[in-house]
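Coordinate inspection notes
Single-letter residue listing:
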Amino acid sequence: MANKRKIINDPVFGFMTIPNELVYDVLQHPFVQRLGRIRQLGLSNFVYPGAIHTRFSHSLGAMHLMQEGIESLRSKGVAISESEATGAEIAILLHDIGHGPFSHVLENTLVSGITHEEISLLMMEQINHDLTHGDAQCSMYNQGPLDEAIAIFKDEYKRHFLHQLISSQLDVDRMDYLCRDSFFTGVQEGRVASERLLKMLNVVDDKLVIEQKGIYSVEKFLVARRLMYWQVYLHKTSVAAEQLLISVLARAKELAGRGVELFASPALHYFLYNNITEKDFYIGSKALHEYALLDDTDVISAIKVWMSHDDKVLRLLSEAFTNRRLFRGRLIEAPLTEDDKKDLTLLYTTALGIDTKDAHYFFVEHLSTKSTYSEKDDSIDILYHDGSVKDIASASEILDLKALTHKPKKLYLFQFRI
């Protein structure tokens, strides 16, 4: 028997532990190991060269923060059983497992009608099945060992606050990615006081609250999240790279639909040459199996080969992506008119010698928008010394509801560089 109780040295939080054999077995599953081949920030390394950390390290960090949060709650007298703790730890460990290469790019091009959240749940159920009915080494569990984790993930477990630790407006997922992404990008504005926030956690009426002493840390958390979205996640150059990649994959998908032969790994080939939708995904399906084999390497290696393809559109786009000749982006005040689109079409057909019907691959409108706080989701509640509870939007002296829920909108035109 292998030693399944491990210590991992993390550059952000220091030493983290794998708490038990079940968590170790989940970590060893190929679906989870795949996350080590998918970058957490997609194409942000085009802007921040250090941003090459993986979704695997983020998932481990989030699990570590979950452990810290549970211990903090237990110290306040909140009873959390060992099975509940393990369920919550596994749920957060697997919360991002359904992400494809380069975040949401795949959802917009090669797969339709299903989100990465839905794929995450299917993958969790597949792992649950494999650990129970797999080979002799893995089938040591008499019943679904992930049943509790899946119930917590789906918010179907009897204790709602455990789900809030995984998915809410102040969850350990956000705490980790803000700390981790700010660390690897060097954007210090994103650093949050995760340790203090976790120490201030409590539960009232089955809902997470932050004790009054932590209100300033919550304010810092919300401001940091807002700054990270506009400075990192929605950075104009990162979005430009993503839009270029979407054009590359969309062109490849069109050519595949016409029967044109393209270099691709078996997993990428499957999604290029088949119209995969929600109905194709289920436990044990070929779509789920191939999706689990798809990572950043498949896409990058294919695009490098496509730089030599006979199709001029695919070749130009692939060369631009590989050599960082990204789309040029500029803010526009209103959506493009039909005349604007005709002018751009003429520009690219003339300059590049391509067909009119193919010009749309070389320019795109994109709206970037994100709010800091949502009234529709679980609120971030502050617990006062007298036992009263207030939403952060009314409790804060420097933030108000209008400012928190406002969604700035930036409309861009991204164009191929001639």
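Refer to the structure above for everything that follows.
All figures in this text were calculated on a predicted structure; none of them were measured in a lab.

Quick look at the overall build of the chain
A tally of helices and strands in the chain yields 19 helices and nine strands. Expected size for 418 residues packed as a compact globule is a radius of gyration near 22 Å; at 23 Å, the chain falls within 12% of this value. Each of the 418 residues in the chain was classed as buried or not, and the buried ones make up 57%. Sequence-distant contacts, at least 24 apart, represent 70% of the contacts inside the chain between residues at least 6 apart. Surface summary for the chain: the accessible area is close to 18,700 Å², and the carbon and sulfur share equals 51%. Averaging the positions of the 46 positive and the 57 negative side-chain charges in the chain gives two centres separated by 6 Å.

Comments concerning the pattern of salt bridges
Close approach of charged atoms allows side chains of opposite charge to pair. Applying the stated criterion across every chain, the model contains 18 salt bridges. One salt bridge connects Glu-71 with Arg-74, and the closest N-O pair in it is separated by 2.9 Å. Note that Glu-71 and Arg-74 are positioned in helix H3 (residues 55-75) at a spacing of three residues, about one turn of the helix. Exposure remark for Arg-74: the relative accessible area of 24% places this residue in the partly exposed category. Close ionic contact of Arg-180 with Asp-176 constitutes a salt bridge, the shortest N to O distance being 3.0 Å.

Some thoughts on the side chain of His-309
Tracing the backbone shows His-309 in the loop between helix H15 (296-306) and helix H16 (312-322). Polar contacts involving the side chain of His-309 include one to the main-chain amide nitrogen of Asp-311, which spans 2.9 Å. Ignoring any residue separated from it by four or fewer positions in sequence, one finds His-309 in contact with Val-260, Glu-261, Leu-262, Leu-314 and Arg-315.

Considering the sheet that holds strand S5 (residues 328-331)
Spatially, the three strands line up as an open sheet ordered S5-S9-S6, and their pairing is antiparallel. Each edge of the open sheet carries a strand with a single partner, namely S5 and strand S6 (363-369). Across the sheet, the axes of successive neighbouring strands diverge by a mean angle of 30 degrees, strand direction being ignored. Sheet analysis places S6 next to strand S9 (residues 409-415), joined by seven bridges and oriented antiparallel.

Quick notes on a positive patch on the surface
Where like charges cluster on the molecular surface, the positive patch consists of Lys-236, Arg-324, Arg-325, Arg-328 and Arg-417. Locating Arg-325 in the fold gives a position in the loop between H16 and S5. Taking the relative accessible area as the measure of exposure, Arg-325 reaches 37% and is therefore partly exposed.

What to know about the packing of H15 against H16
Where H15 contacts H16, the axes come no closer than 8 Å and their chain directions differ by 125 degrees. Taken together, H15 and H16 sit at an angle that is classed as oblique. Every pair of crossing elements has a handedness; the one defined by H15 and H16 is left-handed. Where H15 abuts H16, its residues Ile-300, Ile-303, Lys-304 and Trp-306 lie against Leu-314, Arg-315, Ser-318, Phe-321 and Thr-322.

Remarks on the pairing of strand S4 (residues 207-211)
Of all the five residues making up S4, four are buried; the element is thus mostly covered by neighbouring parts of the structure. Judged from the four bridges that link them, strand S3 (residues 201-204) and S4 form a sheet pairing that is antiparallel. Each bridged residue has a counterpart across the sheet, and for Val-203 the counterpart in S4 is Leu-208. The loop that links S3 with its antiparallel partner S4 comprises two residues; one of these, Asp-205, has a positive phi angle of about 55 degrees. Bridging between S4 and strand S7 (residues 381-383) involves two bridges; their strand directions are parallel. Looking at the pairing, Ile-210 lines up with Ile-382 of S7.

Side note on the environment of Gly-36
Summarising the element assignment, Gly-36 is placed in the loop between helix H2 (30-33) and H3. Of the residues examined, Gly-36 reaches a relative accessible area of 36% and is grouped as partly exposed. Separated by 20 residues in the primary sequence, Gly-36 and Phe-56 place their C-alpha atoms 4.8 Å from one another. Excluding anything up to four places from it in sequence, Gly-36 contacts Thr-54 and Phe-56.

Calculation notes
Residues numbered from 1 in each chain as written. Predicted model: local features only at pLDDT ≥ 70, side-chain atom pairs only at ≥ 80, totals over all residues. Heavy atoms only, no water. Helix = DSSP H or I, 4+ residues; strand = E, 2+ residues; numbered from the N terminus. Rg over C-alpha atoms; globule rule 2.2 N^0.38 Å. Buried < 20%, exposed > 50% of the residue type's maximum accessible area, 1.4 Å probe, protein only. Contact = heavy atoms within 4.5 Å. Areas by Shrake-Rupley, 256 points an atom, 1.4 Å probe, with all protein chains shown as cover. Lys, Arg positive; Asp, Glu negative; His and termini not counted. Charge placed at Lys NZ, Arg CZ, Asp CG, Glu CD. Salt bridge = Lys/Arg side-chain N within 4 Å of Asp/Glu carboxyl O. Polar contact = N/O pair within 3.5 Å; in protein donor to acceptor, adjacent residues only side chain to side chain. Pairing = 2+ DSSP bridges. Axes fitted to C-alpha atoms, helices over the stretch in contact; angles between N-to-C directions. Patch = residues over 30% accessible without salt bridge, like charges linked within 9 Å, V, L, I, M, F, W, Y side chains within 5 Å. Parallel < 35°, antiparallel > 145°, perpendicular 65-115°, else oblique. Left-handed = near helix turned anticlockwise from the far one by under 90°.

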